[in-house]
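# Close look at the chain arrangement
Chain residues, written in single-letter form:
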Amino acid sequence: MIGHSNAAVVDSSLSGVRVGVVTFPGSLDDRDALRAVRLAGGTGVALWHGDHDLKDVDAVIIPGGFSYGDYLRAGAISRFAPLMEQITAAATGGSLPVLGICNGFQVLTEAHLLPGSMVKNNHLHFLCKDQRLKVENSSTAWTSSYAEGSEIVVPLKNQDGQFVADERTLDELEGEGRVVFRYLGGNPNGSRRDIAGITNEHGNVVGLMPHPEHAVEAGFGPDSSALGEVEVRGGVDGLGIFTSVLQKLVNK
């Protein structure tokens, strides 16, 4: 029934994987991301933006929200947080898996861990809806639980969600298979080539505008799923994002 949690840990053997979730002033979805990690079977570790220690985590999630109120550009101030120096250094070589969700995606572009930039939605309005996505790349650290070409439904909520880049960068992303997610059923924010998520050349850093952490628990997810019929609020298509990285780290 609505509001009743039937949450269960997917695989307890994954509990040794430590996934850090960074909190900035203005982060909104940090606790949701920590919960998603736990529901997937891992151990969530809270990280503070002002720290200099990654606490021996195996992966990092930069969650959604409005870091520093987005007073300059979305994610622009967070880029200079002390902890981002540690994350950037560890992720650049391809060793540390990093996922940026919504505002986290914006932070990753500002930190130059991912190309392109995020600007205001082309209709200039905040948008909140359940969004259908196509998984274009299932070989990244965060998407291996999905079949390439499969579809998922996860919530989308943003006002600076339009992904932009020059044509050369877009061609490189397409040609190198670095478009990870693409919007289906209409482009909600004007993102170039319907791009909803991308990865770096190593496949360890992924930025995604919609929110998979809000589609991990029956009773609290979308009303629909691309994987079959579900009850009201029963969509859990986003859980594979979190199981993907846990399984990759356990099996490496």
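Quick caveat: nothing in here was measured; it's all calculated off a predicted structure.

Thresholds applied
Residues numbered from 1 in each chain as written. Predicted model: local features only at pLDDT ≥ 70, side-chain atom pairs only at ≥ 80, totals over all residues. Heavy atoms only, no water. UniProt positions renumbered as here; feature names shortened; annotations may be inferred. Helix = DSSP H or I, 4+ residues; strand = E, 2+ residues; numbered from the N terminus. Contact = heavy atoms within 4.5 Å. Polar contact = N/O pair within 3.5 Å; in protein donor to acceptor, adjacent residues only side chain to side chain. Buried < 20%, exposed > 50% of the residue type's maximum accessible area, 1.4 Å probe, protein only. Salt bridge = Lys/Arg side-chain N within 4 Å of Asp/Glu carboxyl O. Core = buried A, V, L, I, M, F, W, Y, C linked by side-chain atoms within 4.5 Å. Phe/Tyr/Trp six-rings, centres within 6.5 Å; stacked < 30°, edge-to-face > 60°. Expected span 1.5 Å × (residues − 1).

The feature "active site" (unreviewed entry), as annotated in UniProt, sits at Cys 102, His 211 and Glu 213 in this numbering. Spatially, the listed residues are clustered: although they cover 112 residues, their C-alpha atoms lie within 11.0 Å of one another. Checked against the element boundaries, Cys 102 lands in the loop between strand E4 (98-101) and helix H3 (103-110). Beyond its immediate chain neighbours, meaning those up to four positions away, Cys 102 contacts Gly 64, Lys 157, Asn 158, Leu 208, Met 209 and His 211. Positionally, His 211 belongs in the loop between strand E11 (205-208) and helix H5 (239-251). Beyond its immediate chain neighbours, meaning those up to four positions away, His 211 contacts Asp 29, Gly 64, Ile 101, Cys 102, Val 154, Pro 155 and Lys 157. A polar atom in the side chain of His 211 sits 2.6 Å from the side chain of Glu 213.

Let us look at the side chain of Asn 158. By the element assignment, Asn 158 lies in strand E7 (residues 151-158). A relative accessible area of 3% means that Asn 158 is categorised as buried. A polar side-chain atom of Asn 158 sits 3.0 Å from a polar atom in the side chain of Asn 121. When sequence neighbours within four positions are dropped, the list of residues in contact with Asn 158 reads Cys 102, Asn 121, His 125, Phe 126, Leu 127, Asn 189 and Met 209.

Applying the stated criterion to the full structure yields 12 salt bridges. Put simply, Asp 29 and Lys 157 hold a salt bridge, and the shortest N to O gap is 3.1 Å. Here the residue Asp 29 occupies a position in the loop between strand E1 (18-23) and helix H1 (30-40), and Lys 157 occupies one in strand E7, the gap between them amounting to 128 residues. The class for Asp 29 is buried, based on a relative accessible area of 4%. Two residues, Arg 193 and Glu 167, come together in a salt bridge whose shortest N-O distance is 2.7 Å. Pair noted here: Arg 193 is in the loop between strand E9 (179-183) and strand E10 (195-199) and Glu 167 is in helix H4 (residues 167-175), with a separation of 26 residues, a long-range link.

Here we take up the nonpolar core. Membership of the largest hydrophobic core comes to 68 residues, with the highest contact counts inside it found for Val 60, Ile 61, Val 98, Trp 142, Phe 163, Phe 181 and Phe 242. With 6 residues, H5 is the largest single contributor of residues to this core.

Summed over the entire model, instances satisfying the criterion amount to 1 aromatic pair. Note on Phe 105 and Phe 163: the rings are 6.0 Å apart at their centroids and 20° apart in plane angle, and the pair reads as stacked. Linking Phe 105 in helix H3 with Phe 163 in strand E8 (residues 162-164), this pair joins segments that are 58 residues apart in sequence. Using a relative accessible area of 1% as the deciding quantity, one classes Phe 105 as buried.

This part is about H5. For H5, with 13 residues, the first-to-last C-alpha span of 18 Å sits near the 18 Å given by 1.5 Å per residue. By the burial criterion, the buried members of H5 are Leu 239, Gly 240, Ile 241, Phe 242, Thr 243, Ser 244, Val 245, Leu 246 and Leu 249. Of the surrounding secondary structure, the elements contacted by the buried residues of H5 are E1, H1, strand E3 (59-62), E4 and E9.

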